[in-house]
Amino acid sequence: MASSGATQKLKILCIHGYRQNAQSFRERTGAFRKFPIVKKQTDLVFITAPNRVPSMHGEEAPGDGQAAEGLGETGWWFSAPDNTYMAQEFTDCCKGYQESLDMVTEVFKTQGPFDGILSFSQGASFASLLCGIQQQNPDINQSIAIIIAKIEINARNGRYSFAHSPIKFNFVILVAGFKSRQSAHEHLYKEKITVPSLHVFGDTDKVIQKDMSEALLQHFVEPVILQHEGGHFIPTTGAHKQVYTQFLQKMLDSRASNS
């Protein structure tokens with residue numbers, strides 16, 4: 001599962017927002033990466049979504065920020081067949097999601113294990129789905145009876161989960177996160193998510209409204225909340241820094257006590 005050892009850094013998978021990529025998300029986390037605990041005690045791994053977002057031909061596009069040159073604007077899935085995405089839409093379409101899930105599964109296999117996930121906007125919605133996948137997939141340390149029971153339940157519901165899933169992590173940070181409104185994802189919110197979580201959202205966010213982030217909270221057990229007065233960004237002032245630091249320190253301490 002997650003790496004162990006009291007002096008070893010937390011390895012964190014970083015999942016960007018819509019119309020971003022690994023490079024642009026790394027730039028967006030510049031102030032966050034300067035926090036002493038992040039700089040000294042974490043190893044951040046940034047990845048780029050496999051789905052290229054079509055150009056808006058000079059129009060202002062709905063999304064999470066301009067992507068860095070070279071890698072292009074990407075997304076984790078589309079809510080419409082024409083390769084567009086609106087977080088507020090309730091649809092049956094999640095085009096590109098399977099490609100993203102396959103890619104991230106491969107990342108866990110080849111670059112893991114990861115201690116946690118740092119995610120932003122659509123990336124945070126994707127991270128919430130990964131939480132659901134982990135929650136509903138029986139762990140290899142569970143008894144065989146529990147594993148068989150879960151597989152049978154999932155089979156009756158038209159889903160199958162396996163004990164060898166590589167998607168395993170010990171915490172998640174969701175910035176401007178929200179519950180996916182695509183019908184194919186609904187089953188991943190059926191079970192309460194027990195992985196420790198930090199939810200960060202702004203009162204004046206115009207891209208992902210505060211009520212969307214608040215609606216995600218009910219699907220997590222004892223979520224830690226960092227609510228700020230700003231908009232669609234990663235807050236990093238002194239008071240915010242303390243919340244991140246306390247949360248990450250708790251994750252370090254938890255790993256040390258389990259090593």
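## With respect to the packing of aromatic side chains
This model, assessed by the stated rule, comprises 14 aromatic pairs. Both rings, one in W77 and one in Y97, keep their centres 6.1 Å apart while their planes meet at 90°; by these two values the pair is edge-to-face. Taken together, the positions of W77 in the loop between β4 (74–75) and α4 (97–111) and Y97 in helix α4 put the pair 20 residues apart, joining distant regions of the chain. No difference in accessibility class separates W77 from Y97, as the two residues are buried. The lysine or arginine in question, K11, covers the ring of F114, its NZ or CZ lying 5.3 Å from the ring centre.

## Overview of the nonpolar core
Ranked by internal contacts, the top residues of the largest apolar core, which has 40 residues, are L13, Y97, I117, F126, L130, F169 and V172. Looking at this core, the element that brings in the most residues is helix α5 (residues 122–136), giving seven residues. Residues within four places of L130 in sequence aside, it is in contact with I15, L101, V104, I117, I167 and F169. Counting residues in each nonpolar core, the second largest holds 26 residues, with L44, F46, V175 and L226 among its members.

## A short note on helix α8 (residues 238–258)
Spanning 21 residues, α8 covers 30 Å between terminal C-alpha atoms, matching the ideal 30 Å at 1.5 Å per step. The set of residues buried in α8 consists of H240, Y244, F247, L248, M251, L252 and R255. Buried residues of α8 fall within an arc of 135° about the axis and therefore sit on the same side. Turned more than 90 degrees from where α8 packs its buried face, G238, A239, K250 and S257 sit exposed. Elements in contact with the buried residues of α8: β1 (10–15), α2 (30–33), α3 (36–41), β6 (171–175), β7 (197–202) and β8 (224–228).

Reading the values: rules and limits
- Throughout this description, residue numbers start from 1 for each chain and increase along the sequence as written.
- Two thresholds apply to this predicted model, a pLDDT of at least 70 for residue-level local features and 80 or more for giving and counting side-chain atom pairs, whereas whole-chain, interface and lining totals are computed over all residues.
- Derived side-chain values reflect all non-hydrogen atoms in the structure, with water molecules and hydrogen atoms excluded from consideration.
- To pair, rings of Phe, Tyr and Trp, with the six-membered ring standing in for Trp, must have centres within 6.5 Å; the planes then decide the type, stacked if under 30 degrees apart, edge-to-face if over 60, and tilted in the middle.
- Strands are runs of DSSP state E lasting at least 2 residues, helices are runs of H or I lasting at least 4, and numbering of each runs from the N terminus.
- Relative accessibility decides the category of a residue: with a 1.4 Å probe and only protein chains considered, values under 20% of the type maximum give buried, values over 50% give exposed, and everything between is partly exposed.
- Only lysine NZ and arginine CZ atoms are considered, and such an atom sits over a ring when it is within 6 Å of the ring centre and within 35 degrees of the ring normal.
- Nonpolar core, defined: a set of buried Ala, Val, Leu, Ile, Met, Phe, Trp, Tyr and Cys residues in which side-chain atoms within 4.5 Å join the residues together.
- In this description, contact between two residues means that some pair of their heavy atoms is separated by no more than 4.5 Å.
- A helix is expected to span 1.5 Å multiplied by its residue count minus one.
- When we speak of the arc, we mean the arc of directions from the helix axis to the C-beta atoms.

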